[in-house]
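Structural overview for review
These are the residues of each chain, in order.
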Amino acid sequence: MALIALTVNSPSQDDSSRRLAKRLAEIPNERLVEEVIASWDDNVRLEGEIAILRRRLREFEISNATESRNIALTSELEEKLRIAISKNSQLEKKLQNEKIRREVGQLDSEKIVEIQERNAKLLRNEEELLLLIHDMEEELRRLTSID
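A brief look at the structure comes next. The model shown is predicted, which means the values in this text are computed figures rather than measured ones.

Along its length, the protein carries two helices and zero strands. Along the first, second and third principal axes, the C-alpha set of the protein runs to 175 × 30 × 10 Å. Summing over all exposed atoms, the protein offers an accessible surface of approximately 13700 Å²; the carbon and sulfur share of this is 58%.

On to the pattern of salt bridges. Going through the model one piece at a time under the given rule, you end up with twelve salt bridges. In this structure, Arg82 and Glu79 form a salt bridge, with 2.9 Å as the shortest nitrogen-oxygen distance. Of the two residues, Arg82 and Glu79 are both situated in helix α2 (residues 29-146); the distance of three residues between them amounts to about one turn of the helix. Residue classification places Arg82 among the partly exposed positions, given a relative accessible area of 48%. Given the relative accessible area of 39%, Glu79 is considered partly exposed. For Glu114, the salt bridge is made with Arg118, and the minimal N-O distance between the two is 2.8 Å. Placement of the pair is Glu114 and Arg118 together in helix α2, with a separation of four residues, close to one helical turn.

Attention now moves to a nonpolar patch on the surface. Judged by side-chain polarity, Leu129, Leu132 and Met136 come together as a nonpolar surface patch covering roughly 310 Å² of accessible area. Residue placement: Leu129 occurs in helix α2.

Parameters and conventions
- Residues numbered from 1 in each chain as written.
- Predicted model: local features only at pLDDT ≥ 70, side-chain atom pairs only at ≥ 80, totals over all residues.
- Heavy atoms only, no water.
- Helix = DSSP H or I, 4+ residues; strand = E, 2+ residues; numbered from the N terminus.
- Areas by Shrake-Rupley, 256 points an atom, 1.4 Å probe, with all protein chains shown as cover.
- Salt bridge = Lys/Arg side-chain N within 4 Å of Asp/Glu carboxyl O.
- Buried < 20%, exposed > 50% of the residue type's maximum accessible area, 1.4 Å probe, protein only.
- Patch = residues over 30% accessible without salt bridge, like charges linked within 9 Å, V, L, I, M, F, W, Y side chains within 5 Å.

Written as structure tokens, this is what we have:
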């Protein structure tokens, strides 16, 4: 079936419109009705396809927008993860430094206790030596006074 193209009449197309009207008048009405119905069916089918394509385009746009948001969200989450990892690393370093500081502090306090113990021993030895010196001086006085 051949499709008949209908055009809008304009003053410059009067001649072609008359020729078209003459040609259409020669075609039986049943055939014209069949052609119009066929054209109508094609038009409805094409409009359906256009609607489907528009829906698919809209779905793609929504999907693309969602994907763009997902990409932005992923980038944002990756940045937050990098920041969290950095903070975690800083906290781990602080913890290590604190452990070392406490260990050093504990060693220092152990050294202080050890030094204090040595100091106490030295003081006792000094006391003993002073007593010994004092006793020797007393013995020397006693021995010198006997003469």
